[in-house]
Amino acid sequence: MRIGFIGLGNMGAPMARNLVKAGHELFVFDLSAAAVQSLVEAGATAVESPAAAAAQRPEMIITMLPAAQHVKSVYLGEGGIVSALQVPTLLIDSSTIDTQSARDVASAVQAQGHSMLDAPVSGGTGGAAAGTLTFMVGGAQADFERALPVLQAMGKNIVHCGDAGTGQAAKVANNMLLGISMIATSEAMSLGVALGVDPKVLAGIINTASGRCWSSDTYNPFPGVMEGVPSSRGYTGGFGTDLMLKDLGLATEAARQVRQPVILGAAAQQLYQTFSAQGNGQLDFSAIIRMYGVQEG
Ligand code: NAD
């Protein structure tokens, strides 16, 4: 298939590489020339702008951009995708953005005769490289079915969540829970250890008892409890504090729009904001345990 791909960052580059590997013909653009060059070396064709990707008459275009303002400008701005499309085209945005912006862009695109899916992912850069991402997809069933074989080259678990925006809604709900559960795990581990329990013994109990959760049994924040996770390597790699802060901001803003209380989500957002303001934005989000006075070594 001929596919346009815009946004070749930490996630987009490995995703695009997997599409090339699966035999698709890719037309790629990013503001970073180095990012484009690395995809050209993998077999993709460079284009000069989002509009130039659209002018190649691709069957679909995928975007993987930082935030809503980039998504709006790449699709709807001057030199954007929609201005240059010549035939009805399926457009897939995999960036994590707010539900309302996803719905607004989808309506604007549909008004010009094109189709749109919001398809944010979870699974991080490791999942992007391995082609094992989870895609949460919002949009029409027929468009989902057209996209499925292409998404399967980048992901393992592809879920149709409902109409436009519901992919982003599912993603934001899941990541809010992740932020809360990481803080809760940090709080519980710190308390138990402060009261004299060995951290490995405590984690072992939690992981087979009613407190068990992903933050505890797969990504434990307490240093030295688990191998191969950021807490065992100074909180480097993994999912950055500032990315978690972004997702919690999306959750609290979405909640405000529908007047839905997110009491713990808002508290988690403030805790991550404080932690980031203290200069920790680049650390993995499990480093939030340092807010409880836990230090390594
Ligand atoms: P990134 O910052 O590494 O990459 C974004 C890329 O978009 C950059 O290469 C940038 O140059 C490019 N870009 C920005 N504006 C552009 C424009 N106008 N035209 C063309 N290219 C432009 O970010 P990332 O980590 O790849 O994340 C992308 C999205 O995926 C974000 O919305 C993020 O929240 C989400 N996400 C990230 C992760 C993760 O672990 N990194 C996991 C799940 C979801």
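Going along each chain's sequence as written, the residues are numbered from 1 onward. At least 70 in pLDDT is required for a residue's local features to be given in this predicted model, at least 80 for side-chain atom pairs to be given and counted, and no such filter applies to totals for whole chains, interfaces and linings, which use all residues. In computing side-chain values, all of the structure's heavy atoms are included and hydrogens and water are not.

Honestly, the pairing of strand E5 (residues 90-93) in this entry has me stumped. Any pointers?
The side chains of a regular strand alternate, first on one face of the sheet and then on the other. Summary of the burial criterion: residues with accessible area below 20% of their type's maximum are buried, those above 50% are exposed, and those between are partly exposed, where the area comes from a 1.4 Å probe applied to protein chains only. Strands are runs of DSSP state E lasting at least 2 residues, helices are runs of H or I lasting at least 4, and numbering of each runs from the N terminus. A two-sided burial pattern is seen for E5, the buried positions comprising Leu-90 and Ile-92 on one face and Leu-91 and Asp-93 on the other. Across four bridges, strand E4 (residues 60-63) lies against E5 in parallel orientation. From the neighbouring strand, Ile-62 faces E5, where its bridge partner is Ile-92. Pairing of E5 with strand E6 (residues 115-118), which is carried by four bridges, proceeds in the parallel orientation. Among the inter-strand pairings, Leu-91 is bridged to a residue of E6, identified as Met-116. Handedness is read with the strands pointing away from the viewer; a crossover is right-handed when the path from the first strand over the helix to the second is clockwise. For the crossover that starts at E5, traverses helix H6 (residues 99-111) and ends in the parallel E6, the hand is right-handed. Here the rule is simple: two strands pair whenever DSSP picks up at least two bridges between them.

Sorry if this is basic, but what is going on with the pairing of strand E9 (residues 155-162) here?
When strand E8 (residues 133-138) meets E9, the two strands line up parallel, connected through six bridges. What sits directly across from Met-136, in E9, is Val-159. Taken together, E8, helix H8 (residues 141-151) and E9 form a β-α-β motif whose crossover is right-handed.

What am I meant to see in helix H10 (residues 199-206) here?
Helical periodicity: at 3.6 residues per turn, an α-helix aligns residues three or four positions apart in one direction. Here H10 has its buried residues at Pro-199, Leu-202, Ala-203 and Ile-206. Axial view of H10: buried residues confined to an arc of 100 degrees, hence all on one face. For this analysis, residues touch if any pair of their heavy atoms sits within 4.5 Å. Residues of H10 that are buried sit in contact with helix H9 (166-194) and helix H11 (214-217). What qualifies as a polar contact is a pair of N or O atoms within 3.5 Å, subject to a donor-acceptor requirement within protein and to the restriction that residues adjacent in sequence count only when both atoms come from side chains. Sitting at the amino-terminal end of H10 is Asp-198, which places a side-chain oxygen 2.9 Å from the backbone nitrogen of Lys-200. The arc in question is formed by the directions pointing from the helix axis toward the C-beta atoms.

Would you explain the site of the ligand in this entry?
Any residue with at least one heavy atom within 4 Å of a molecule or strand is counted as near it. As a matter of local geometry, the ligand sits amid 24 residues, with Asn-10, Met-11, Asp-30, Thr-96 and Lys-246 nearest to it. One of the backbone N or O atoms of Met-11 is found 2.8 Å from an oxygen atom in the ligand. Taking Thr-96, its main chain carries an N or O atom lying 3.0 Å from an oxygen atom of the ligand. Method for areas: the Shrake-Rupley scheme with a 1.4 Å probe, in which residue coverage is limited to the protein chains shown. For the ligand, whose unbound accessible area comes to 840 Å², protein coverage reaches 83%. The pocket occupied by the ligand, as judged from atoms lying within 2 Å of grid points, is the largest pocket. Put simply, the parts of the chain that give the shell around the ligand at least two residues each are helix H4 (68-76), helix H7 (124-130) and helix H12 (241-257). Space inside and on the surface of the protein is sampled on a 1 Å grid over the protein atoms alone, with a cavity defined as a set of points where a 1.4 Å probe fits but cannot get out and a pocket as an open set with protein on both sides within 12 Å along at least 5 of 7 lines; lining residues have an atom within 4 Å of a point. To be counted as sitting in a cavity or pocket, a molecule needs more than half of its atoms within 2 Å of that site's grid points.

Would you take a moment to explain the packing of H12 against helix H13 (residues 263-280) for this structure?
Two quantities define a packed helix pair, namely the angle between the helix axes and the distance between the axes. Between N-to-C directions, angles cover 0 to 180 degrees, with each direction set by a line fitted to C-alpha atoms, over the stretch in contact for helices. Between H12 and H13, whose axes approach to 9 Å, the crossing angle comes to 145 degrees. The crossing of H12 and H13 is left-handed. Taking contact as the criterion, the partners of Thr-241, Asp-242, Met-244, Leu-245, Leu-248, Gly-249 and Thr-252 in H12 are, on H13, Gly-265, Ala-266, Ala-268, Gln-269, Tyr-272, Gln-273, Phe-275, Ser-276 and Asn-280. Each residue is assigned to one class: nonpolar for Ala, Val, Leu, Ile, Met, Phe, Trp, Tyr, Cys and Pro, charged for Asp, Glu, Lys and Arg, and polar for all the others, Gly among them. Looking at the contact of H12 with H13 residue by residue, the classes come out as seven nonpolar, eight polar and one charged. The handedness criterion is simple: a crossing whose near helix is rotated anticlockwise from the far helix by less than a right angle is left-handed, and one whose near helix is rotated clockwise is right-handed.

Honestly, the domain arrangement of the chain in this entry has me stumped. Any pointers?
By a widespread convention, an interface's size corresponds to the accessible area lost as its parts come together. Source of the domain bounds: an automatic or database domain assignment. We note that the domain assignment places domain 1 (2-163) and domain 2 (169-292) within the chain. The term buried area refers to how much accessible surface (probe radius 1.4 Å) is lost by two components on association, counted for both of them together. A combined buried area of about 770 Å² lies between domain 1 and domain 2, and 62% of that area is made up of carbon and sulfur atoms. For this analysis, a salt bridge means a side-chain nitrogen from Lys or Arg found within 4 Å of a carboxyl oxygen belonging to Asp or Glu. Counting the contacts that link domain 1 with domain 2 gives zero salt bridges. The interface formed by domain 1 and domain 2 holds three residue pairs in polar contact (both at pLDDT 80 or more) in total. Those elements giving two or more residues to the side of domain 1 that touches domain 2 turn out to be H6 and strand E7 (121-122). Along the lines of polarity and charge, the residues of the side of domain 1 that touches domain 2 split into seven nonpolar, four polar and one charged.

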